[in-house]
Amino acid sequence: MENVWIILLLTLGIVAVAILLLGVRIFFTKNGKFPNSHVGGNKAMAERGIYCVQTQDYMEWKGIKQKTKRKHKD
């Protein structure tokens, strides 16, 4: 039973160190925040015309809506 506690404490220590190391930028810098990993927040992808699915769906829907408005006006 004593070995279980040692392993548990060792595991908790390793997890705590890992979380600290992963969050160095967030925990120890002023105004630290998580980086935006969403497709819509990536400038390189936006320059190539790649957007998230929701944005592309909205753009398609908006384009279809505008096309139907043009048909009705003619």
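Everything discussed here concerns the structure shown above.
Residues numbered from 1 in each chain as written. Predicted model: local features only at pLDDT ≥ 70, side-chain atom pairs only at ≥ 80, totals over all residues. Heavy atoms only, no water.

Caption draft 1: Structural context of the overall build of the protein. Helix and strand counts for the protein stand at four helices and zero strands. Listing every helix and strand of the protein by position from the N terminus yields α-α-α-α. Counting over 74 residues, the protein shows a buried share of 4%. Total accessible area on the protein is roughly 7,400 Å²; 63% of this is exposed by carbon and sulfur atoms. (Helix = DSSP H or I, 4+ residues; strand = E, 2+ residues; numbered from the N terminus. Buried < 20%, exposed > 50% of the residue type's maximum accessible area, 1.4 Å probe, protein only. Areas by Shrake-Rupley, 256 points an atom, 1.4 Å probe, with all protein chains shown as cover.)

Caption draft 2: Region of the structure containing a nonpolar patch on the surface. A cluster of nonpolar side chains, Val-15, Val-17, Ile-19, Leu-20, Leu-21, Val-24, Phe-27 and Phe-28, forms an exposed patch at the surface whose accessible area comes to about 790 Å². Within the residue set of the nonpolar patch, elements represented by two or more residues are helix H1 (2–22) and helix H2 (24–28). For the nonpolar patch, the element with the highest residue contribution is H1, accounting for five residues. Along the polypeptide, Phe-28 turns up in helix H2. (Patch = residues over 30% accessible without salt bridge, like charges linked within 9 Å, V, L, I, M, F, W, Y side chains within 5 Å. Salt bridge = Lys/Arg side-chain N within 4 Å of Asp/Glu carboxyl O.)

Caption draft 3: How the structure looks around the environment of Met-45. By secondary structure assignment, the location of Met-45 is in helix H3 (residues 43–47). For Met-45, a relative accessible area of 27% translates into the label partly exposed. In this structure, Met-45 is in contact with Val-39 and Ile-50, ignoring residues within four places of it in sequence. (Contact = heavy atoms within 4.5 Å.)

Read these as geometric descriptors, not functional statements.
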